[in-house]
Amino acid sequence: MNDNNILAVILAGGKSKRFGEDKNLVKLGSLSLIEHVIQKVKEKFKKILIIANNDLKIEKSNDIEVIPDHIKGNLGPLIGILTAMKWAKKSNSNYKWIATFPSDTPFFDISIIEKYEKKIIEDDSLLYFVTSSEKRHNIFGLWSIDLLDVLEEDLLKNNFRKVEDWANKIGVKTINIKFEKFDPFLNINTKEDLSKAEKIFKDYKK
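Below is a short write-up of the structure.

Reading guide: rules and limits
- Residues numbered from 1 in each chain as written.
- Predicted model: local features only at pLDDT ≥ 70, side-chain atom pairs only at ≥ 80, totals over all residues.
- Heavy atoms only, no water.
- Buried < 20%, exposed > 50% of the residue type's maximum accessible area, 1.4 Å probe, protein only.
- Helix = DSSP H or I, 4+ residues; strand = E, 2+ residues; numbered from the N terminus.
- Pairing = 2+ DSSP bridges.
- Salt bridge = Lys/Arg side-chain N within 4 Å of Asp/Glu carboxyl O.
- Axes fitted to C-alpha atoms, helices over the stretch in contact; angles between N-to-C directions.
- Contact = heavy atoms within 4.5 Å.
- Left-handed = near helix turned anticlockwise from the far one by under 90°.
- Nonpolar A, V, L, I, M, F, W, Y, C, P; charged D, E, K, R; others polar.
- Expected span 1.5 Å × (residues − 1).
- Arc of directions from axis to C-beta.
- Phe/Tyr/Trp six-rings, centres within 6.5 Å; stacked < 30°, edge-to-face > 60°.

In this section: the pairing of strand 6 (residues 97-102). When you tally the buried positions in strand 6, you get six out of six residues, the bulk of the element. Residues Trp97, Ala99 and Phe101 of strand 6 are buried on one face, and the alternating residues Ile98, Thr100 and Pro102, pointing to the opposite face, are buried as well. Strand direction decides the pairing type here: strand 1 (residues 6-11) and strand 6, joined by six bridges, are parallel. Residue pairing for strand 6: Ile6 is matched across the bridge by Trp97. Looking at chain direction, strand 6 and strand 8 (residues 135-144) are connected through four bridges and run antiparallel. Bridging across to strand 8, Trp97 finds its partner in Ser144.

Scanning the entire structure with this criterion turns up seven salt bridges. For Glu114, the salt bridge goes to Lys44, with nearest N and O atoms at 3.1 Å. Linking Glu114 in helix 3 (residues 112-122) with Lys44 in the loop between helix 1 (33-42) and strand 4 (48-51), this pair joins segments that are 70 residues apart in sequence. Accessibility expressed as a relative area gives 22% for Lys44, which makes it partly exposed.

Attention now moves to the sheet that holds strand 1. In space, the seven strands of this open sheet follow the order 5-4-1-6-8-7-9, with mixed pairing throughout. Bordering the open sheet on either side are strand 5 (64-67) and strand 9 (173-176), each of which pairs with just one other strand. On average, adjacent strands in this sheet sit at an angle of 30 degrees to one another, irrespective of strand direction. Packed on one face of the sheet, helix 2 (residues 77-90) meets strand 1, strand 4, strand 5, strand 6 and strand 8 and runs near 145 degrees to strand 1.

Moving on, we come to the packing of helix 2 against helix 4 (residues 148-156). It is at 10 Å that the axes of helix 2 and helix 4 come closest, and there the two elements cross at 145 degrees. When the axes of helix 2 and helix 4 are compared, the crossing they make is left-handed. Residues Leu78, Ile79, Ile81, Leu82, Met85, Lys86 and Lys89 of helix 2 pack against Leu148, Leu151, Glu152 and Leu155 of helix 4. For the contact of helix 2 with helix 4, the class distribution of residues is eight nonpolar, no polar and three charged.

Burial analysis of helix 1 places seven of its 10 residues in the buried class, which makes it a mostly covered element. Looking at helix 1, one finds that the buried residues are Leu33, Ile34, His36, Val37, Ile38, Lys40 and Val41.

The periodicity of an α-helix, 3.6 residues per turn, causes residues three or four positions apart to be oriented the same way. For helix 6 (residues 191-204), spanning 14 residues, the distance from its first C-alpha to its last is 19 Å, which sits close to the expected 20 Å at 1.5 Å a residue. Along helix 6, the residues that are buried comprise Asp193, Leu194, Ala197, Ile200 and Phe201. Looking straight down helix 6, one finds its buried side chains confined to an arc of 125 degrees; they lie on one side. Facing away from the buried surface of helix 6 by more than 90 degrees, the exposed residues are Glu192, Lys199, Lys202 and Asp203. Tucked into the core, helix 6 has its buried residues touching strand 2 (27-28) and helix 1.

In the structure shown here, the tally under the stated rule is 10 aromatic pairs. With 5.5 Å between their ring centres and 75 degrees between their planes, Phe107 and Phe182 make a pair best called edge-to-face. A residue pair is termed long-range when its members are at least 10 positions apart, and Phe107 in the loop between strand 6 and helix 3 and Phe182 in the loop between strand 9 and helix 6 qualify at 75 residues. Residue Phe107 is classed as buried on the basis of its relative accessible area, which comes to 3%. Look at Phe182 and you get partly exposed, because its relative accessible area is 23%. Aromatic pair Phe129 and Trp143: ring centres 5.4 Å apart, planes at 65 degrees, arrangement edge-to-face. In this pair, Phe129 is assigned in strand 7 (residues 127-132) and Trp143 in strand 8, connecting sequence segments 14 residues apart. Look at Phe129 and you get buried, because its relative accessible area is 0%. What makes Trp143 buried here is its relative accessible area of 0%.

Written out as structure tokens, the structure is:
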């Protein structure tokens, strides 16, 4: 895939309050949660930008760049998205979109990238989110860089914090993903979620 116009972004800047520790570093099998996500994203992208405010203890690589939120404070995932857009603008590249992935969702289907590419060609929205089982996943998104200015204004001046609220204001289209066994977009917010993921992982590896 020619990924020159899409920047892969892993959002790992959350505080993991519900989990009780940095969930990015928690092991599922032999890999940490964020390492699972990195491995999947690497299947489709040569370059990965990770937004994180803590040490992720991952192997350094020229293909993976880790940067913090460009503004500190409890601004939520939107500040990570804005940070990625600003990085893309300054990187002297041809990035026109960012594809965002949460760091706590180890089972997601990377084939969504092919669906993203089709949506770019259709050119009927500046923002797309994934849905599964009638649930919208607001961090699995394809965001046009053209949204940068309005996102910055809404985040810093108009006090938007929730991705869902801002997306509804802007207008967002969805890409539905069907599944048979378990929802691949399960995200791990609590220790109970991790226990569920560990059970899934045993079957997932077969």
